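Next come the chains, spelled out residue by residue.
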Amino acid sequence: MIGQTLRFFPSYNYVKETLDSGRYGKLTEVNLFRGGTTPIWSWENWLLTNERSGGCLLDQHIHDVDTLNWMLGTPHAVNTAGRVVFEGSGYDIVSTNYHYDDIVAYAADNWTINSDSFGFEMRYRFTFEKGAIILENGKLVDYPYGEESFEPEISKESGYYIEIKHFAQSILDNVDPAIACPLESTMETIRIAEAEVKSADEKRSIAL
């Protein structure tokens, strides 16, 4: 099973269910950020070796790419800015604008935030015609327009745990674990991410 982790996080599934149900109308904006400390703990420093990991863009940011692919499909084009901070690494800081017909979509990742008090954080904002859903500082809040905001009741289980449980249960049940992350979908996620690398390298938009 390819581990597209964010497909298992309750906070991301809450957005997917909102999008699929249409309860807030059309989606108008997506803003994603994940970031934290540099992964200097990897064996032989492989995560900071471009040829092995692809840097933050292909190791960490790719999960945000997959979130957009999972929820919205392939964008028409990507425009990416990236910076290599550590010698020999891939892009350690990355931000991308995704071109969809009626949705403003942006995702950024950074694994150079090396403050002991920061750790790692996932944030997002999904804005719809009739509401918004925002994850910030570990707190998920739903903002229905014209009504009081509220914190949705979602599973408290970690997305990582749910992902591992899904894989283990698939083995026990002798079923294909890729049902949650179809291989064809992940191939498309990789294609989008590779277009982002090309965009950052050539400093221009890349059509898909």
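Please refer to the structure placed before this passage.
Quick summary incoming for the structure in this document.

About the criteria used
- Residues numbered from 1 in each chain as written.
- Predicted model: local features only at pLDDT ≥ 70, side-chain atom pairs only at ≥ 80, totals over all residues.
- Heavy atoms only, no water.
- Helix = DSSP H or I, 4+ residues; strand = E, 2+ residues; numbered from the N terminus.
- Rg over C-alpha atoms; globule rule 2.2 N^0.38 Å.
- Buried < 20%, exposed > 50% of the residue type's maximum accessible area, 1.4 Å probe, protein only.
- Contact = heavy atoms within 4.5 Å.
- Areas by Shrake-Rupley, 256 points an atom, 1.4 Å probe, with all protein chains shown as cover.
- Pairing = 2+ DSSP bridges.
- Axes fitted to C-alpha atoms, helices over the stretch in contact; angles between N-to-C directions.
- Parallel < 35°, antiparallel > 145°, perpendicular 65-115°, else oblique.
- Left-handed = near helix turned anticlockwise from the far one by under 90°.
- Phe/Tyr/Trp six-rings, centres within 6.5 Å; stacked < 30°, edge-to-face > 60°.
- Lys NZ or Arg CZ within 6 Å of the ring centre and 35° of its normal.
- Disulfide = S-S within 2.5 Å.
- 1 Å grid on protein atoms, 1.4 Å probe; cavity = no way out; pocket = protein on both sides within 12 Å on 5 of 7 lines; lining within 4 Å.
- Points joined across faces, edges and corners; volume = space filled by probe spheres on them.
- Nonpolar A, V, L, I, M, F, W, Y, C, P; charged D, E, K, R; others polar.

## Some remarks on the overall build of the chain
Looking only at helices and strands, the chain features five helices and eight strands. Taken from the N to the C terminus, the helices and strands of the chain come in the order α-β-α-α-β-β-β-β-β-β-α-α-β. A compact globule built from 208 residues would reach a C-alpha radius of gyration of about 17 Å, and the chain, at 17 Å, matches this within 12%. Taking the principal axes of its C-alpha atoms as reference, the chain extends roughly 50 × 45 × 40 Å. When the 208 residues of the chain are sorted by exposure, 47% land in the buried category. Intrachain contacts of the chain at a sequence separation of at least 6 include 67% that bridge at least 24 residues. With an accessible surface of roughly 11,000 Å², the chain has 52% of that area assigned to carbon and sulfur atoms.

## Comments concerning the pairing of strand β6 (residues 131-136)
Note that strand β5 (residues 120-128) and β6 share four bridges and pair antiparallel. Following the sheet pairing, F126 is matched in β6 by I133. Taken together, β5 and the strand that follows it, β6, pair antiparallel across an intervening segment of two residues. Summarising the sheet, β6 and strand β7 (residues 139-144) pair through six bridges and their orientation is antiparallel. Across the sheet, residue I134 finds its bridge partner in β7, namely V141.

## Structural notes on the packing of helix α1 (residues 10-21) against helix α3 (residues 55-72)
Direction vectors running N to C along α1 and α3 enclose 25°, while the axes themselves pass 10 Å from each other. As far as their axial angle goes, α3 and α1 are roughly parallel. Judged by the twist between their axes, the crossing of α1 over α3 is right-handed. Across the interface between the two elements, Y12, N13, V15, K16 and L19 from α1 touch T67, W70, M71 and L72 from α3.

## Focus on the packing of aromatic side chains
This structure, assessed with the given rule, holds five aromatic pairs. Ring-pair connections join several aromatic residues into one group, and the members of that group are F9, Y12, Y124, F126 and Y160. Sitting over the ring of Y24, R23 keeps its end group 4.2 Å from the ring centre.

## Side note on the state of the cysteines
Per the counting criterion, the structure on display carries zero disulfides. Cysteine C56 shares no disulfide, and the gap to the nearest cysteine sulfur, in C181, comes to 20 Å. With a relative accessible area of 0%, C56 lands in the buried category.

## What about the layout of surface pockets?
If you add up the space inside the largest pocket, you get close to 420 Å³. Along the walls of the largest pocket sit 19 residues, with S11, L135, G138, K139 and I154 positioned nearest its centre. Mapped by element, the contributors of at least two residues to the lining of the largest pocket are α1, β5, β7 and α4 (159-173). Along the lines of polarity and charge, the residues of the lining of the largest pocket split into nine nonpolar, five polar and five charged. The computed volume of the second largest pocket comes to approximately 340 Å³. For the second largest pocket, the lining is made up of 18 residues, of which W41, D59, Q60, F120 and Y160 are closest to its centre. The set of elements that each furnish at least two residues to the lining of the second largest pocket consists of β1 (27-36) and α3.

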